[in-house]
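Here's the letter readout for the chains.
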Amino acid sequence: MDILVCISKAPDTTAKIQFTDGNTKFDENGVQFIVNPYDEWYALVRALELKEAGGGSVCIITVGGPEADPVIRKALAIGADKAVRIDAQPTDAGFVAGQIADYAKANSFDLILCGKETINYNGSQVGGMIAAEMDLPYVSQAIKLDVAGATATVERDIQGGVEVLEGNTPLVISCAKGMAEQRIPNMRGIMAARTKPLEVVAPTDRPALTEVVGYDLPPQKTEVKLVDPENAEELINLLRNEAKII
Amino acid sequence: MDRYEHHDYYLLDDLLTEEHKLIRDTARAWLKKEVSPIIEEAYEKAEFPKQIIPGLASIGAFGPYIPEKYGGPGLDQISYGIIMQELERVDSGVRSTSSVQSSLVMYPIWKYGSEEQRMKFLPKLASGEFMGSFGLTEPDHGSNPSGMTTNFKDMGDHYLLNGAKMWISNSPFCDLAVVWAKDESGRIHGLIVERGMEGFTTPETHGKWSLRASATGELVFDNVKVPKENLLPGKSGLGAPLGCLDSARYGIAWGTIGTALDCYDSALRYSKERIQFGKPIAGFQLIQKKLAEMITEITKAQMLTWRLGVLREEGRATSAQISMAKRNNVDMALKIAREARQIHGAMGITNEYSIMRHMMNLESVITYEGTHDIHLLITGKDITGIAAFE
């Protein structure tokens, strides 16, 4: 089974978030990037597990400039066989999904996996858009995935229980917590990643479908007031008259 | 809980390759998952956590610079330093285990061993299947190793080894030891002594208040018959073990930056969270003085050590340059540990924080692999041409 895993770079969770160009662009200066954890821990690792159990190959794909190469090397060090970088800035979800769909159409894959969202933009759009572009079935936020022959069995969390779905490959699945356990690369993997193929592909002609008009940081946290556990009256007074929530 | 955030005040990460950073992130992720949660308990019980040996091997902590043909990852000297820094950020004892295996066991077999010895031992040492120790220090010969009394006689078809070594990291569980002993003419040679050879015992040293998560012991040789093929043929004389120590001391120079970073990181966070007199103690001048001096000293050490790594990679680093970095960085880390302990107030003496453990560990690190004072005298000899310790 040949699996395509979409990976994205995302700022490390300790990165200081700032904007430039009148708050319309994320300032990447000095920001340490990681592989988006949903792509890495769940989509990529489950793809590797499926390959290890049933053979085939795992190809990772990302849309970005050469600055994305470190996260690509990490994904290769974890165990992917080859990588594709569509050489264009990932302007919006529609553009990214279009680029990946164009590559996937030209190459044959049994499964296309991605994380349920990126931890920076939290858009959850790319997987669904790829499926739409390719006219393939799509299951979002999967927590379990097994494949037998050409049949994929997928589980997802729903209100009060679990939904079990079955579909024929090829299909597109976005992966959530539960799908697999994080794998830390080892030194053999890091060494092997040096020579694994990284194909840089020119983008196809697709427009971005949206435009960012501005970003805002969340409001600064204000100071907390500590109330003695014995003093419930004071707590109620503050909640009623100052916070005005009761 | 490991809440460590990396500190790089002078953007020295720009001097590293992407692979260096990947190696660091890998070591850091593994340590956070597998070692940080168990290290305090191992320290309290005074037990080396043997279950981490395969993981240490997987992140390349055993012989990082050993070529691939001998089972190592064939990394550069900066990578070796980076791994040591991450290990010692968690515990000097864990770094010691890795240092000994890499620089004091694998290094001499690689540099001074025969091709047969390399092929026989290095792959198993790189995978952690074999653990090694290094016997140089003796009960009566610490700073003066050339006075050693451990010796071997040529018995025709084997060597007969007698003597004892002391303060040996990894000794209680080692599968083999690289032992330095004098031949009948008084020349120092390295011998590979293997577990199971008759007359070879490794009693453990108990009662340490330092490096408690690392096993220390003796190597005792009572008429041990060592096969002739176990003598390291490539180099003899005191320069041979000193070459190993250069490599280990270089690792310590990197490692202790890790300890200092952990103490600084913890002190910085604690001082911003700890409220006294209505504001975080980080807002008081005396606390800021401590923190500012810490990051200044760490940054200086990072720069010195990175440069040393480049020189070492080019084969240009002198033993005296390595002495300077080892001495400076251990002292720097120990002072930062003590200052960080003060910033943490009473909390700093508990095992809720790693500070006191680091501080106690560093009391060994400032003594082993050449004491603080001896390294100063090495610099003194290097700049004056006159030895003050002979």
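## Things to note about the overall build of chain B
Consideration 1: When helices and strands are tallied, chain B shows 11 helices and nine strands.
Consideration 2: Taken over C-alpha atoms, the radius of gyration comes to 21 Å for chain B, in line with the 21 Å a tight globule of 390 residues would show.
Consideration 3: Here the C-alpha coordinates of chain B stretch approximately 80 × 50 × 40 Å along the principal axes.
Consideration 4: Among the 390 residues that make up chain B, the fraction classed as buried is 58%.
Consideration 5: Sequence separation of 24 or more characterises 74% of the internal contacts of chain B that already satisfy a separation of 6 or more.
Consideration 6: By element, 53% of the accessible surface of chain B is carried by carbon and sulfur atoms, the whole surface being about 16100 Å².
Consideration 7: Side-chain charges in chain B split into 43 positive and 50 negative, and the spacing between the mean points of these groups amounts to 3 Å.

## Some points on the interface of chain A and chain B
Consideration 1: At the junction of the two partners, chain A supplies 14 residues and chain B supplies 19 residues.
Consideration 2: Linking chain A with chain B are one salt bridge.
Consideration 3: The salt bridge partner of Glu 19 of chain B is Arg 194 of chain A, with a shortest N-O separation of 2.9 Å.
Consideration 4: Here chain A is connected to chain B by three residue pairs in polar contact (both at pLDDT 80 or more).

## Quick notes on the side chain of Asn 170 of chain B
Residue and element names in this part refer to chain B.
Consideration 1: Along the chain, Asn 170 turns up in the loop between β3 (158–169) and β4 (176–182).
Consideration 2: The exposure class assigned to Asn 170 is buried, which follows from its relative accessible area of 0%.
Consideration 3: A distance of 3.4 Å separates polar atoms of two side chains, one belonging to Asn 170 and the other to Thr 97.
Consideration 4: Once you skip the residues sitting within four places of it in the chain, Asn 170 turns out to touch Thr 97, Val 100, Gln 101, Met 131, Gly 132, Ser 133 and Ala 215.

## With respect to the sheet that holds strand β7 (residues 82–86) of chain A
Residue and element names in this part refer to chain A.
Consideration 1: Strands sit in the order β11-β10-β9-β12-β8-β1-β6-β7-β13 across an open sheet of nine strands; the sheet is mixed. Edge strands, defined here as strands with exactly one partner in the open sheet, are β11 (161–168) and β13 (198–201). Strand-to-strand twist in this sheet, taken as the mean axis angle between neighbours without regard to direction, amounts to 30 degrees.
Consideration 2: As defined by bridge partners, strand β1 (residues 2–6) adjoins strand β6 (residues 57–63) across five bridges and the pair is classed as parallel. Residue pairing across strands places Cys 6 opposite Ile 61, the latter belonging to β6.
Consideration 3: Most of the contacts of helix α3 (residues 93–106) go to β6, to which it runs at about 145 degrees, and overall it touches β1, β6, β7, β8 (111–115) and β13.

## Observations regarding unusual backbone geometry
Consideration 1: A cis amide bond links Thr 169 of chain A with the next residue in sequence, Pro 170 of chain A, at an omega value of 0 degrees.
Consideration 2: Among the structural elements, Pro 170 of chain A can be located in the loop between β11 and β12 (171–175).
Consideration 3: Although it is not a glycine, Asn 223 of chain B sits at a positive phi angle of roughly 55 degrees.
Consideration 4: Within the secondary structure, Asn 223 of chain B is located in strand β7 (residues 216–227).

## Side note on the domain arrangement of chain B
All names here are of chain B.
Consideration 1: Each domain of chain B was delimited in the assignment, giving domain 1 (12–127), domain 2 (132–230) and domain 3 (239–384).
Consideration 2: A separation of 23 Å is found between the C-alpha centroids of domain 1 and domain 2.
Consideration 3: The partner domain 2 presents 20 residues to the 25 residues of domain 1 that form the contact.
Consideration 4: Between domain 1 and domain 2 lies a buried interface of about 1800 Å² when both sides are counted; carbon and sulfur atoms form 66% of it.

## Regarding the pattern of salt bridges
Residues and elements named next belong to chain B.
Consideration 1: As enumerated under the stated definition, the model contains 39 salt bridges over all chains in all.
Consideration 2: Note that Lys 69 and Glu 115 form a salt bridge whose closest N and O atoms lie 3.8 Å from each other. Here Lys 69 is found in the loop between α3 (53–58) and α4 (77–90), whereas its partner Glu 115 is found in helix α6 (residues 115–127), with 46 residues between them in sequence.
Consideration 3: Taking relative accessible area as the criterion, Glu 115 reaches 31% and is therefore assigned partly exposed.

## A word on the packing of aromatic side chains
Consideration 1: Applying the stated criterion across every chain, the model contains 20 aromatic pairs over all chains.
Consideration 2: Considering the side-chain rings of Tyr 38 of chain A and Tyr 42 of chain A, the 6.0 Å spacing of their centres and the 40 degrees angle between planes classify their relative orientation as tilted. Highlighted residues: Tyr 38 of chain A and Tyr 42 of chain A, both in helix α1 (residues 37–54), separated by four residues, approximately one helical turn. Each member of the pair, Tyr 38 of chain A as well as Tyr 42 of chain A, carries the same accessibility label: buried.
Consideration 3: Consider the rings of Tyr 65 of chain B and Tyr 107 of chain B, whose centres lie 6.2 Å apart with planes at 85 degrees: the pair is edge-to-face. With Tyr 65 of chain B in the loop between α3 and α4 and Tyr 107 of chain B in helix α5 (residues 92–112), this pair connects stretches of sequence that are 42 residues apart.
Consideration 4: Ring pairs connect the aromatic residues Tyr 65, Tyr 80, Tyr 107, Trp 110, Tyr 112, Phe 134, Trp 180 and Tyr 250 of chain B, which therefore count as one cluster.
Consideration 5: In this structure, Lys 9 of chain A is placed above the aromatic ring of Phe 33 of chain A, and the distance from its NZ or CZ to the ring centre is 3.8 Å.
Consideration 6: It is Arg 312 of chain B that lies over the ring of Tyr 250 of chain B; its NZ or CZ is 5.6 Å from the centre.

## Notes on the environment of Leu 238 of chain A
All names here are of chain A.
Consideration 1: Positionally, Leu 238 belongs in helix α6 (residues 232–242).
Consideration 2: Between the C-alpha atom of Leu 238 and that of Lys 225, which follows or precedes it by 13 residues, the distance is 9.4 Å.
Consideration 3: Each residue touching Leu 238, except ones within four places of it in the same chain, is listed here: Lys 225, Val 227, Ala 243 and Lys 244.

## A few points about the nonpolar core
Consideration 1: Among the nonpolar cores identified, the biggest contains 103 residues, and Val 5, Ile 60 and Ile 173 of chain A together with Ile 109 and Trp 180 of chain B are the most heavily contacted of them.
Consideration 2: Formed by 31 residues, the second largest nonpolar core is a distinct cluster that contains Leu 261, Ile 295, Val 330 and Ile 355 of chain B.

Parameters at a glance
- Residues numbered from 1 in each chain as written.
- Chains lettered and ligands numbered in written order.
- Predicted model: local features only at pLDDT ≥ 70, side-chain atom pairs only at ≥ 80, totals over all residues.
- Heavy atoms only, no water.
- Helix = DSSP H or I, 4+ residues; strand = E, 2+ residues; numbered from the N terminus.
- Rg over C-alpha atoms; globule rule 2.2 N^0.38 Å.
- Buried < 20%, exposed > 50% of the residue type's maximum accessible area, 1.4 Å probe, protein only.
- Contact = heavy atoms within 4.5 Å.
- Areas by Shrake-Rupley, 256 points an atom, 1.4 Å probe, with all protein chains shown as cover.
- Lys, Arg positive; Asp, Glu negative; His and termini not counted.
- Charge placed at Lys NZ, Arg CZ, Asp CG, Glu CD.
- Salt bridge = Lys/Arg side-chain N within 4 Å of Asp/Glu carboxyl O.
- Polar contact = N/O pair within 3.5 Å; in protein donor to acceptor, adjacent residues only side chain to side chain.
- Pairing = 2+ DSSP bridges.
- Axes fitted to C-alpha atoms, helices over the stretch in contact; angles between N-to-C directions.
- Domains from an automatic or database assignment.
- Buried area = accessible area lost by both parts, 1.4 Å probe.
- Phe/Tyr/Trp six-rings, centres within 6.5 Å; stacked < 30°, edge-to-face > 60°.
- Lys NZ or Arg CZ within 6 Å of the ring centre and 35° of its normal.
- Core = buried A, V, L, I, M, F, W, Y, C linked by side-chain atoms within 4.5 Å.

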